[in-house]
Each structure stands twice: as C-alpha cells, then as structure tokens.
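Read off the chains here:
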There are 2 protein chains.
Amino acid sequence: MEQKYMELAIRAAEEAAQADEVPVGAVLVRDGEVLSIAANRKERDNCALSHAEMLAIGEGCRKVGNWYLDDCDLYVTLEPCPMCAGGIINSRLRAVYFGAYDPKSGALGSVYDLVGEGKLNHRMTVEGGIRQEECGKLLSDFFAAKRAEIKQAKADKEKGLC
Amino acid sequence: MEQKYMELAIRAAEEAAQADEVPVGAVLVRDGEVLSIAANRKERDNCALSHAEMLAIGEGCRKVGNWYLDDCDLYVTLEPCPMCAGGIINSRLRAVYFGAYDPKSGALGSVYDLVGEGKLNHRMTVEGGIRQEECGKLLSDFFAAKRAEIKQAKADKEKGLC
C-alpha cells in the first residue's frame, strides 16, 4: 500500500464533489505506474454503473489490453459496493485499498464481504480504513451541503407561496 | 415476464458463442419496448466488466438519459454474478428474469442472494429458472467444445513431438 496513490484518489473524489457528484475517487496501479484515475460520474453519465472503481478498471483494461489484471492494485476512497467489489473480483485484481467503510452498501466487510467470505473464486489483499476520516468527511460534507441546499430551496418556495 | 424477451436474450447468447465468448445474453425492456440487447463481450473487449447485463443496462441508460431505471425489466440467460446483480440494484430495475442458475457465482439465489436477503436498499421482482435447460445447455455445450479443442491441441502437440 502506498499513500501517494490514495492521495490521488482523494483528489479525484474532491473533483467529483466540485462537479456535484457523490465524492468517490479511484486509482488503478500496476508496478508503480498509474494506469487510470477516475471519479464517480453517475450523474454526469446518467448511469448508475459509472462508479469510480468501474471506470478506473475499464480504462485500465483498455490500457493493458487484457481483462486479467492480477498484477494491478486499486485504491478507492470508499468501500466498494457489491457491483464494484464484483468487478474487482471479476478482473482478478491483486489488491484493493479503500478509505471509508460504507455501512449501507459496502461489500468488502461492512454489509457483505465478497472476498473475505471465500465463496467466490478469487483471493486478494483487502485493506480498509486508510485515511478513512478524510475520505468519510468528503462524503459527509457533501451530503450536509446537499441537505442544506434542499432546506434552503424549500424555505425559498414557502416564502414565495406566502 | 414475457417469453419473447427471453427468446431475444437466448439469441444474443447464441451469437456470443459463435464469437467464441461464454454465451450469455441480456435484454432490457421498458413498457414493451426493447431498450437494448447485449451479449457477453469480455474477450472481445478485453474487459471483465463487459458482461451482457452491464452492457444492456449501460445502453439502456444512454437511451433513457437517466440512471434510475425503475420501470425497466432485465431478461438474462444466466443468473447474474455479484457485479451484475449489484449493477441491477444500483440501477433500481423493477424486475430481473434469468435462465440458468449459476452455482459458482450466482448472486440472486445461488452463492449470494443480494436482493432476497434484503440487506441492500432495493426491492424488486426476481425470477430464475426460465428456460433454464436451454440456457444451461448453451453454456455446457460451449465449455465441452472448449475442452475438446484443448484436448485436440494437446494431442496434436504430442504427435509433433514424437
């Protein structure tokens, strides 16, 4: 695990927040080379498959020209959901290092543990909780700002109706 | 559930087999309109994310211009893996109808039951085993042919070495 790659993932997440996306960033690395840096693009792409991890893996496959990424490591700011954990397993990644745990949809320890339970045919390194406060704060700040926006919009609407 | 959509999915799977891909096909439907038909393209795309379900959902999102597909149903010849089941849940599909069960990686009843267990925040209709013999035979025929190819290649090699 190298901190500098998580740093890049955090920067990608920050850029996602600025684009009004839930801030999650991911970086795919092979032998010290960054293959791809991606952020969540669900709203921009109008597609719920456009999570940071999936985009990073997809771009990595295009660069490597192979679906089999067993010498690649993924760094991501949030614990992957079942879709992304499944994509990580399908791509045979060597390791995944993530930031904040996700008690609602996390599939590498929180809600499910798709690798650790050993029911699927792939073993890999999984390490969570890396810079988790910082990664989690990006998300909680984003959602707090969203709630404030909604509250303000409601208040403005009510004023208009009075 | 309408048989005609599973028929289209089976045809897509057959085309995949002809292209030397593990034969799985998927069809996304909204209000009687076929939004997308896709087959597994993992080898052609050099990408383990290119499962039929993911490609069908991705194309559906592009057509609809929305990630939220709660009025859409997916028909697929094989029980979705965790990645695809996760993508189905993330996209909030209304229903998924699948053919053969997958005892190795199925995530809608076999290895996991990501919808039925109720741990994730989405409820939907799931029905498996539709034309399962036919869907399963496509896969077993494909793998039998692959094994025969490998055996023949070995035999040819040994002959050459004698």
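Residues numbered from 1 in each chain as written. Chains lettered and ligands numbered in written order. Predicted model: local features only at pLDDT ≥ 70, side-chain atom pairs only at ≥ 80, totals over all residues. Heavy atoms only, no water.

**Student:** With reference to specific residues and values, describe the interface of chain B and chain A.
**Tutor:** Chain B puts 30 residues into the contact, and the matching count from chain A is 30 residues. Taking both partners together, chain B and chain A bury about 2,400 Å²; carbon and sulfur atoms supply 67% of that area. Ranking the residues of chain B by area buried against chain A places Leu49, Trp67 and Tyr112 of chain B at the top, with a combined share of 26%. Our count for the contact surface shared by chain B and chain A stands at zero salt bridges. Of all the elements in the fold, those that place two or more residues in the side of chain B that touches chain A are helix H2 (42–45), helix H3 (52–64) and helix H4 (82–90) of chain B. With five residues, H4 of chain B is the single largest residue contributor to the side of chain B that touches chain A. (Contact = heavy atoms within 4.5 Å. Buried area = accessible area lost by both parts, 1.4 Å probe. Salt bridge = Lys/Arg side-chain N within 4 Å of Asp/Glu carboxyl O. Helix = DSSP H or I, 4+ residues; strand = E, 2+ residues; numbered from the N terminus.)

**Student:** Go over the relation of the copies chain B and chain A with me, naming the residues and quoting the values.
**Tutor:** What relates the two chain copies is a rotation about an axis together with a slide along it. With an RMSD of 0.0 Å, chain B superimposes on chain A once it is rotated by 180° and translated 0.0 Å along the axis. These values place the two chain copies in the arrangement generated by a two-fold rotation axis. Minimal C-alpha distance to the rotation axis in chain B is attained by Met83 of chain B, lying at 1.9 Å. (Least-squares fit on C-alpha atoms with pLDDT ≥ 70 in both.)

**Student:** Kindly report on the packing of aromatic side chains, identifying the contributing residues and their values.
**Tutor:** All told, the structure shown has 11 aromatic pairs over all chains when counted by the stated rule. Residues Tyr75 of chain A and Tyr97 of chain A carry aromatic rings whose centres are separated by 5.0 Å and whose planes lie at 35° to one another, so their mutual orientation is tilted. Taken together, the positions of Tyr75 of chain A in strand S3 (residues 72–78) and Tyr97 of chain A in strand S4 (residues 95–100) put the pair 22 residues apart, joining distant regions of the chain. As far as burial versus exposure is concerned, Tyr75 of chain A and Tyr97 of chain A are alike and both buried. Here Lys119 of chain A stacks its cationic end above the ring of Tyr112 of chain B, 4.7 Å away from the centre of that ring. (Phe/Tyr/Trp six-rings, centres within 6.5 Å; stacked < 30°, edge-to-face > 60°. Buried < 20%, exposed > 50% of the residue type's maximum accessible area, 1.4 Å probe, protein only. Lys NZ or Arg CZ within 6 Å of the ring centre and 35° of its normal.)

**Student:** Report on the sheet that holds strand S5 (residues 125–127) of chain A, specifying residues and quantitative values.
**Tutor:** All names here are of chain A. One open sheet accounts for five strands, arranged S2-S1-S3-S4-S5; its pairing is mixed. Every other strand in the sheet has two partners, leaving strand S2 (33–39) and S5 as the edge strands with one partner each. Put simply, the sheet's adjacent strands are angled 15° from each other on average, direction ignored. Note: S3 against S4, five bridges, orientation parallel. (Pairing = 2+ DSSP bridges. Axes fitted to C-alpha atoms, helices over the stretch in contact; angles between N-to-C directions.)

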